[in-house]
Structures are given as structure tokens and as C-alpha cells.
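# Chain and residue survey
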Amino acid sequence: MGDPTGGPSTLLLVLDLSGIFVFAISGGLVAVRKQLDIFGVLVLAGTTGLGGGFLRDVLIDATPPAALADWRYLLVPVAAGLLTFVFHPMLGRLERVTTVFDAAGLGLFCVTGALKALDFGLGPVPAALMGMVTGIGGGIARDLLAGRVPVIFSSELYATPALLGATWAVVAAGLGAPEWAVTFPGVALCFGFRMLALLRNWRAPLPSGSASV
Amino acid sequence: MGDPTGGPSTLLLVLDLSGIFVFAISGGLVAVRKQLDIFGVLVLAGTTGLGGGFLRDVLIDATPPAALADWRYLLVPVAAGLLTFVFHPMLGRLERVTTVFDAAGLGLFCVTGALKALDFGLGPVPAALMGMVTGIGGGIARDLLAGRVPVIFSSELYATPALLGATWAVVAAGLGAPEWAVTFPGVALCFGFRMLALLRNWRAPLPSGSASV
Amino acid sequence: MGDPTGGPSTLLLVLDLSGIFVFAISGGLVAVRKQLDIFGVLVLAGTTGLGGGFLRDVLIDATPPAALADWRYLLVPVAAGLLTFVFHPMLGRLERVTTVFDAAGLGLFCVTGALKALDFGLGPVPAALMGMVTGIGGGIARDLLAGRVPVIFSSELYATPALLGATWAVVAAGLGAPEWAVTFPGVALCFGFRMLALLRNWRAPLPSGSASV
């Protein structure tokens, strides 16, 4: 799972950068829909792509965050923002495209976030929670800045898939599974659960009496 | 007042966990009123209960926050969220119940926050401010996520009681008072002042000309 | 540019405190317009004045932030908040006065933020970005708390001037320029660009098709 001194393994780095890329696109698409200018698109792309990881790094004391020490972490959201700015009509034509990118980012971040927290010495339960926080943090920051109700509260299942994927990663890592068995099933579990919840309109239990209020 | 290496004293730990519990209930009640599902209730309960302490720990460099290293800090908001989800009709029947829990959390956190800041070497004035920040941070995070105007701006006295309680704790600790004399009067001062301000509808001075705007 | 152990040079300290002062006034004026009471004015003044620097210090691991260890950093926003509370009718009479103070804070913070990031070992590109973050962070926090759409998204050029000023400071510092040549042109570039963008109503490029949406 990589070592704290030498940085993450190549696989984790690729997954992390992929998560930043797809989250940044989801942020850029929200900015385009809000008719923000190019800098608004870049700021929302960067916040969405890097926000969850920044929050995790600050909480587990992995500062300065990797994004500030490694140019690849800065280049990826800028590239994603510019691509969204130019090609958004193509992406926007597909109906649920923001949601798919968002679910992919959730799957990637919940796993890489949990593994990084383990690397920094957190126990299994806090590490799984940090994976969830990494996954949901960027989207919450995006929605707060864009003046939307955070997607996590839109009553479709959102935090649960992230917690599930992170839990897989923590358990598999604890059992000494090979890296691919730690990461890919975790990403797939979270992404698949989230997409199923969206497609079938699954809802978590509501407080009693909500319907009548 | 506890020592930085060995963790807080038992009394401070109990007060801190009590503050997390009552703040988490206030967050859960807001989520129930917003008709969020069970995960929304848990997320708002956790954010409200742990947000102020996370903010304090990050600012005074006490990372990773205690909540990530000690399972009791995670169990308490989860339990409070589940209790709120199940028993909210009972709590909701009492009119001002969110407000009372919120005031209790404010009183507990302003004292424990100030004492933790002292433990980490801050001077008395910044420590009192950190106590206030610990007290008001969770409620601000709760209201931002729930899309409400932060309660601190609702023009009833809110930050002042927290600053008062934190100041008591800092001064009493500086004078070498026994632990009970540092904590209980501080909590009582803040809680009592806040409840009085609510009951009597005390208002802080408004800028000149506000009424006519 | 100052040394990490001995604190910043006198020039940087004066510029930093000036930035806090003018940002705090801009925050206080927003609070006055929202008809908040005196504590709301002080909280918004403090958040706006210190928010960007806190965010920077947490990200570059310069915790506890200077503002918590140095009473001057706490006195300045309190004084600015009280001045705004008392004298706001005088300031409010001038039309664009919040905007001018905001632009001045942006110019001062983008330079001091970038130089502090360099001092803490960040590379030139992340340091310039940290300068931008320091400049825009306080205003974003102010607008989120006040329930306004962040000014950065109001489609006038905002982040770009900050990035420009920060880039000047990083490049000039890298070339070994004397301190005045690192700081003053950077502040002036950012402030001048921002004011020109406001006066001439310059707008950054919008996504294609925005007008018709």
C-alpha cells in the first residue's frame, strides 16, 4: 500500500489522479450550468477535485497536501477544467453524465483515502471514515460554493457506498490481500452501489412522520 | 488540566463527550426537520458534534484530532444520531429542545476547547478565542450544510456566552484553581447566559440606522 | 523574505496586517448591510480578515497560525470591526467602498501569502497558488457565512489578479530581487488589474452557449 516516506505506489497514484480528474469534471460541469466564466469553472473543478483530499490530509496531518508538492496533482484539475470548458456541449448532451463522473470519483477516492489514512497510522474504523470523508468532501465543497444543497442530502444513497468501498479496502488491506484485490473491488463496490441506487431510485429510511410534515 | 501526552483528565473527557452528544442531537434534529434520510441525520449529527473540535485541533496543530484516534469520539455522535432518528417525535414535541441542547453543547465546548488550547501552549487570549471557536464551529457547520443562516447571526446573543465561559476557564486555570472550579462555573456561565438571552430575547447592539434600512 | 524561525520581516508584517485590516472592514460592511448585530460584525470581520491566512497556514503546515500566537493579528480585525460598526455610515456613503477595500486586501494577501508559502518550502507554482488561495479565501468565507454567492463567482475578474500578483512575487523572489521590488509591484499589479476589471466591467470568457441557456 505504498510507504509514507516514498509516496504511494504507482497504482494508488493513478487511481488518485483519476479520481481528481473525474471529480474535477463534475465540478466544471456544475460551473458551466451555473454559467460561471472560465475562472469559475477552473476554481470549481479544482475545489471538487482536490477538496476531499485536502480535508483528509489536514485531518490526518499529512500536510502540506500532496497536491501542493507534486505538480501532477495541480495539472490534472486544471486540464479537466479546461476540457470541460471547451467540450461541455458534448458532455452535457449525455443526461446523467455529471452523476456518473461523480460516482466514479466517489469510488476512487473512498479507496485511496482509506489507504492513505492507514498509511498514516490511523486505526481501521477511523481509516474507513476518512475514506468516506475523502469521497464526499469534494462534492460537498462544490455544492456549497455553487449554492446548491449538497448532493449528499438529496436523499439518494451517497455516503453509504463510499463507506462500503472504504471498508472493503481497509479489511482487505488488514488481511494482507494483494494491492489489486484491495483497490479494484472497493472501487467497483462503491461505484456499482451508487449507480444502482441512482438507477433504481433506492432511498435510505426516512425519519418517521416525514411524509406528513 | 490534563497533560498533552497522557490525554485529558477524566472530567474533561466526560465533558467533551457530553458536548459532542448534545451537539450531535441538535444536528440530528435539524436533519429530521429537513426530512433528510438516516444517513443525512448521521452526517449532520457527526458534523455538528465533531466540527468545532476538528476546527480547533487543526488550528492548534493537535492533529490527527482525538476523534480519529479514540473510538469513543466516533461512537458518541453515531449513537446520538441513531437516538435522534428513532426518538425524534418525543424530542420534537418539546418546543425549544434543539436550542437547549445547542446551548448545553456551547457551554461544554467553550470550556473544554479553551483548556485544550492552553494545554497546547497557546496564550490566554488566543485560548479563550479557541474556546469560542470550538463552541460555535459545530453549529456553523451544521447550518451551512443544512442551508440555514448560521444561528450565530440570528441576532440573539450566541458567541458572547461562549467567549464568557471560555474566559472564565482560562482565568481560573491561570490562577491555579482546582479543576471543578475551572470547568463547572464556566459551563454554567455560558449556558445560563445563553438561555437567559433566549428567554428574555436579549439582543446585542445593532448598527445605527439598521431599523430604517 | 524573512526566515521561518524568526518570523517575517517588518515590511511583510505591515503588509499582512494591512491586508487583514482592509479585509476585516469589507467583512464588517457586509455584516452591517445584513443588519447583523455587533457580534455578527466582529465575527464576519474576523473571518474575512483571518480566513485566507488560516487556510494557507493549515495547508502549508504553519500551525498554529500566526494569528493565534501574536496578539497583533487578533487586535487588528477586532479594531477594524469596531470601527466599521461605529463609522459605517461614513464608509457606506461611498458607493464602491467595500469593493475597493476588498481589492486592496486581495493585492496584499496574494503577495504575502505566496512569500510565506515559499518560506515554508513550497515550489514556485504551488506557492503562487497558495498566494491566490490566501487572497480569495477570506472573501469566500465571508460570503458563505453571509449567505451570498461568493464574489469570486460574480463573473468579474477576481482570482486572476490574485494569481498575477502572486506570480510576480514568486518570480521576483526567485530572481533575488530586493524586498520592495518583490512586494510593491505585486500588490499594485493585483490591485490595479482588479480595479480596472471592475471599472471597465471586464469579463472573463464564458462557456459557449451560456447566453442562450
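Here the structure is a predicted model, which means the values were calculated and not measured. (Residues numbered from 1 in each chain as written. Chains lettered and ligands numbered in written order. Predicted model: local features only at pLDDT ≥ 70, side-chain atom pairs only at ≥ 80, totals over all residues. Heavy atoms only, no water.)

### So, the UniProt feature "transmembrane region" (unreviewed entry) in chain A
Listed under "transmembrane region" (unreviewed entry) in the UniProt record, and renumbered for this structure, are residues 12-32, 39-59, 71-88, 100-118, 124-145, 157-175 and 181-199 of chain A. Strand forms 0% of residues 71-88 of chain A and helix 100%; the C-alpha atoms that close the span are 25 Å apart. (UniProt positions renumbered as here; feature names shortened; annotations may be inferred. Helix = DSSP H or I, 4+ residues; strand = E, 2+ residues; numbered from the N terminus.)

### A short note on unusual backbone geometry
At Asn201 of chain B, a position not held by glycine, the phi torsion is positive, near 60 degrees. Inspection of the secondary structure puts Asn201 of chain B in the segment after helix H8 (179-199).

### Quick notes on the interface of chain A and chain B
Quite often, the size of an interface is put as the accessible area lost when its parts meet. Taken together, the contact pairs 25 residues of chain A with 22 residues of chain B. Carbon and sulfur atoms make up 73% of the area that chain A and chain B hide from each other, which totals about 2000 Å². Among the residues of chain A in contact with chain B, Leu59, Phe153 and Pro207 of chain A are the three that bury the most area, contributing 31% of the side total. At the junction of chain A and chain B, the tally comes to zero salt bridges. On the surface where chain A and chain B come into contact, there are one residue pair in polar contact (both at pLDDT 80 or more). When contributions to the side of chain A that touches chain B are tallied by element, the ones reaching two or more residues are helix H2 (38-59) and helix H6 (124-145) of chain A. Considering only residue class, the side of chain A that touches chain B consists of 19 nonpolar, four polar and two charged. (Contact = heavy atoms within 4.5 Å. Buried area = accessible area lost by both parts, 1.4 Å probe. Salt bridge = Lys/Arg side-chain N within 4 Å of Asp/Glu carboxyl O. Polar contact = N/O pair within 3.5 Å; in protein donor to acceptor, adjacent residues only side chain to side chain. Nonpolar A, V, L, I, M, F, W, Y, C, P; charged D, E, K, R; others polar.)

### Examining helix H7 (residues 159-174) of chain A
Note that an α-helix has 3.6 residues per turn; residues three or four places apart therefore point the same way. Across its 16 residues, H7 of chain A extends 22 Å between first and last C-alpha, which sits within 8% of the 22 Å expected from 1.5 Å per residue. Within H7 of chain A the residues assigned to the buried category are Ala159, Thr160, Pro161, Ala162, Gly165, Ala166, Ala169, Val170, Ala172 and Ala173 of chain A. Tucked inside the fold, the buried residues of H7 of chain A contact helix H5 (97-119), H6 and helix H8 (179-199) of chain A together with helix H2 (38-59) of chain B. (Expected span 1.5 Å × (residues − 1). Buried < 20%, exposed > 50% of the residue type's maximum accessible area, 1.4 Å probe, protein only.)

### Focus on the relation of the copies chain A and chain B
The operation linking the two copies of the chain is a rotation about an axis combined with a translation along the axis. At an RMSD of 0.0 Å, chain A and chain B line up after a rotation of 120 degrees and a shift of 0.0 Å along the axis. The two molecules are tied by a three-fold rotation axis, judged by turn and shift. Measuring from the rotation axis to each C-alpha of chain A, the shortest distance belongs to Val58 of chain A, at 4.1 Å. Mapped onto chain B, only 12% of the interface residues of chain A again fall at the interface, so the copies present different surfaces. (Least-squares fit on C-alpha atoms with pLDDT ≥ 70 in both.)

### A few points about the relation of the copies chain C and chain A
Its rotation angle being 120 degrees, the transformation that places chain C on chain A also includes 0.0 Å of axial translation and leaves an RMSD of 0.0 Å. Different-surface contact between copies: only 12% of interface residues of chain C are shared with the interface of chain A.

### What about a nonpolar patch on the surface?
All names here are of chain A. Taken together, the side chains of Leu83, Val86, Phe87 and Met90 define a hydrophobic patch exposed on the protein surface, amounting to about 380 Å² of accessible area. Topologically, Leu83 is positioned in helix H4 (residues 71-93). Residue Leu83 is classed as partly exposed on the basis of its relative accessible area, which comes to 37%. (Patch = residues over 30% accessible without salt bridge, like charges linked within 9 Å, V, L, I, M, F, W, Y side chains within 5 Å. Areas by Shrake-Rupley, 256 points an atom, 1.4 Å probe, with all protein chains shown as cover.)

### Remarks on the interface of chain C and chain A
Taken together, the contacts link 25 residues of chain C with 22 residues of chain A. On the chain C side of the interface with chain A, the three residues burying the most area are Leu59, Phe153 and Pro207 of chain C, jointly 31% of the side's total. For the pair chain C and chain A, the number of links is one residue pair in polar contact (both at pLDDT 80 or more). At the level of secondary structure, the elements contributing two or more residues to the side of chain C that touches chain A comprise helix H2 (38-59) and helix H6 (124-145) of chain C. Here the side of chain C that touches chain A takes six residues from H6 of chain C, the largest share from any one element. In the side of chain C that touches chain A, the residues fall into 19 nonpolar, four polar and two charged.

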